[in-house]
Amino acid sequence: MATYFHILCTLSLTLLSLTPLSSSSNTIKLSLSPFFTNQPSSSSSASQPLLQALKFAASASLSRAHHLKNRKSSEYVTTPVFAKSYGGYSVDLSFGTPPQTFPFVLDTGSSLVWFPCSSRYLCSNCNFPNIDPSNIHTFIPKNSSTARFVGCTNPKCDWIFGSDPQSRCPGCQPGSPNCALNCPAYMIQYGLGSTAGLLLLDNLDFPGKIVTDFLVGCSILSVRQPSGIAGFGRGKESLPSQMNLKRFSYCLVSHRFDDAPVKSDLILHIGSSGGSKTAGVSYTPFRANPAAANNSAFGEYYYVTLRKILVGGKRVKAPYALLEPGLDGNGGTIVDSGSTFTFMEKPVFEVVAKEFEKQMKNFTRAKDVEDQSGLSPCFDFKGSKTVPLPELTFQFKGGAKMTLPVADYFSLVGRADVACLTIVTDGGSAGPARAGGPSIILGNYQQQNYYVEYDLENQRFGFRPQNCQKSV
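Quick summary incoming for the structure in this document. (Residues numbered from 1 in each chain as written. Predicted model: local features only at pLDDT ≥ 70, side-chain atom pairs only at ≥ 80, totals over all residues. Heavy atoms only, no water.)

As for the pattern of salt bridges
As enumerated under the stated definition, the model contains seven salt bridges in all. For Asp158, the salt bridge is made with Arg168, and the minimal N-O distance between the two is 2.5 Å. Here Asp158, found in helix 3 (residues 155-161), pairs with Arg168, found in helix 4 (residues 165-168); they are ten residues apart in sequence, far enough to count as distant. Its relative accessible area of 24% is what places Asp158 among the partly exposed residues. (Salt bridge = Lys/Arg side-chain N within 4 Å of Asp/Glu carboxyl O. Helix = DSSP H or I, 4+ residues; strand = E, 2+ residues; numbered from the N terminus. Buried < 20%, exposed > 50% of the residue type's maximum accessible area, 1.4 Å probe, protein only.)

Following this line, the structure appears as structure tokens:
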């Protein structure tokens with residue numbers, strides 16, 4: 001607790017010096033000239049170019065008038081998605097005036113959007129491939145004329161710290177509009193890291209659309225988080241919530257665990273689709289976690305109902321109690337773009353793994369690769385000309401079936417003749433068991449080369465197989 005208090009004090013003192021400067025009023029005069037600076041000749045032949053230009057200008061003016069009179073707001077905006085060497089996917093977002101652009105991890109399992117912030121940003125244990133921890137690109141608040149820190153009594157501070165300003169604003173009079181305190185420093189824990197900072201309001205800038213007063217985290221200290229995170233979860237502070245998106249969709253290119261320049265599109269739908277369905281897409285409804293009122297994290301996740309898991313066409317007997325979230329909130333299935341490999345609680349994983357072993361009994365287990373990679377089971381195919389890998393199918397409520405391509409659940413590891421199941425569980429070499437939370441987390445590796453749609457307006461999750469790769 002003392003360490004946490006020290007971090008908060010350090011953040012508060014550090015960030016006081018980062019308040020954006022107000023711009024002074026200046027007058028700029030520009031000379032205006034007509035398109036035609038030379039007086040045209042009065043002769044008929046010489047005036048033809050002018051007449052043609054005037055006719056073109058008149059026509060262009062009418063077209064422009066029709067455009068302005070009947071202009072509709074953009075129905076969607078797009079931004080590219082890139083596969084990264086750390087196992088996630090990134091999107092580029094621009095904040096501030098003038099805009100400052102940064103890569104963000106696309107994360108449907110969290111809600112706050114934050115970036116590395118200020119010239120004093122410190123990232124511990126951030127020695128990732130192709131990343132220099134001492135040279136991480138950061139947002140500079142004072143360089144944005146529209147950036148300002150969030151006040152302690154600002155309603156958007158409630159999104160992170162709850163709806164009782166007096167508990168977080170010591171010294172402020174109840175209901176006072178003149179409280180000068182900032183919203184407290186936030187600290188967020190992720191699976192293998194954390195981040196801390198203060199909240200800002202600034203413009204989120206897309207081509208053709210600016211979202212003003214967007215709540216974003218200005219992180220000063222992070223552990224294992226060299227890049228910002230774009231939270232696409234269900235919290236009020238998430239990007240979809242702040243933009244009031246009707247739906248969003250993405251198509252994830254194949255993982256190479258490098259930073260190859262290939263991309264696909266993240267599409268943010270602003271306009272309503274009504275009840276219409278995207279061509280070729282299978283849908284399953286989102287479901288609420290019954291304990292969301294008592295645990296805000298359960299309310300952030302995108303829960304779906306997984307009815308069956310089939311290996312080689314055979315249904316495995318996964319414990320039903322783990323497939324549905326209980327009254328305590330534990331159990332059930334969520335979709336998470338921020339996780340690399342799909343996670344299954346051990347009782348679910350074991351029946352899946354055993355069915356693969358049963359159907360692949362003619363191949364030996366590569367125990368050495370399992371120990372080195374943390375993945376299991378791994379099979380040795382040395383000397384085999386053909387490898388009949390069983391299909392893996394997830395069947396959801398409503399009948400939607402996701403039959404995965406082999407590359408989405410088996411990967412060559414270490415040697416060209418060894419393939420491992422790219423699904424993980426607790427208690428193995430990858431780490432100790434931890435009870436509670438979702439039983440199954442559908443990771444991005446199993447979403448590769450699928451068009452994936454989060455239909456927030458109609459509360460449903462959709463998908464279809466699709467080649468996602470586009471050239472840069």
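So, the environment of Ala416
With respect to the helices, strands and loops of the structure, Ala416 is situated in the loop between strand 23 (410-412) and strand 24 (418-421). Judged by its relative accessible area of 71%, Ala416 is exposed. A sequence separation of 34 residues divides Ala416 from Lys382, and the C-alpha atoms of the two residues are 8.6 Å apart.

Some points on unusual backbone geometry
Across the junction of Thr97 and Pro98, the peptide omega takes the value -5°, indicating a cis bond. Relative to the elements of secondary structure, Pro98 occurs in the loop between strand 2 (89-95) and strand 3 (100-107). The amide bond that connects Ser376 to the next residue, Pro377, takes the cis arrangement and shows omega of -5°. Here Pro377 shows up in the loop between helix 9 (367-373) and strand 20 (378-380). For Arg224, which is not glycine, the phi dihedral falls at a positive 55°. For Arg224, a relative accessible area of 34% gives the class partly exposed. Positive phi outside glycine occurs at Asn449, with the angle close to 55°. Following the sequence through the fold, Asn449 ends up in the loop between strand 26 (440-442) and strand 27 (450-455).

Side note on helix 8 (residues 346-359)
Given 3.6 residues per turn, any residue in an α-helix points the same way as the ones three and four places further on. Compared with the 20 Å implied by 1.5 Å per residue over 14 residues, the 20 Å span of helix 8 between its first and last C-alpha is a close match. Looking at helix 8, one finds that the buried residues are Val348, Phe349, Val352, Ala353, Glu355 and Phe356. End-on, the buried residues of helix 8 take up no more than an arc of 155°, which puts them together on one face. Exposed residues on helix 8 whose side chains face more than 90 degrees from its buried face are Lys354 and Lys358. (Expected span 1.5 Å × (residues − 1). Arc of directions from axis to C-beta.)

By themselves, these are just geometric observations and shouldn't be taken as functional.
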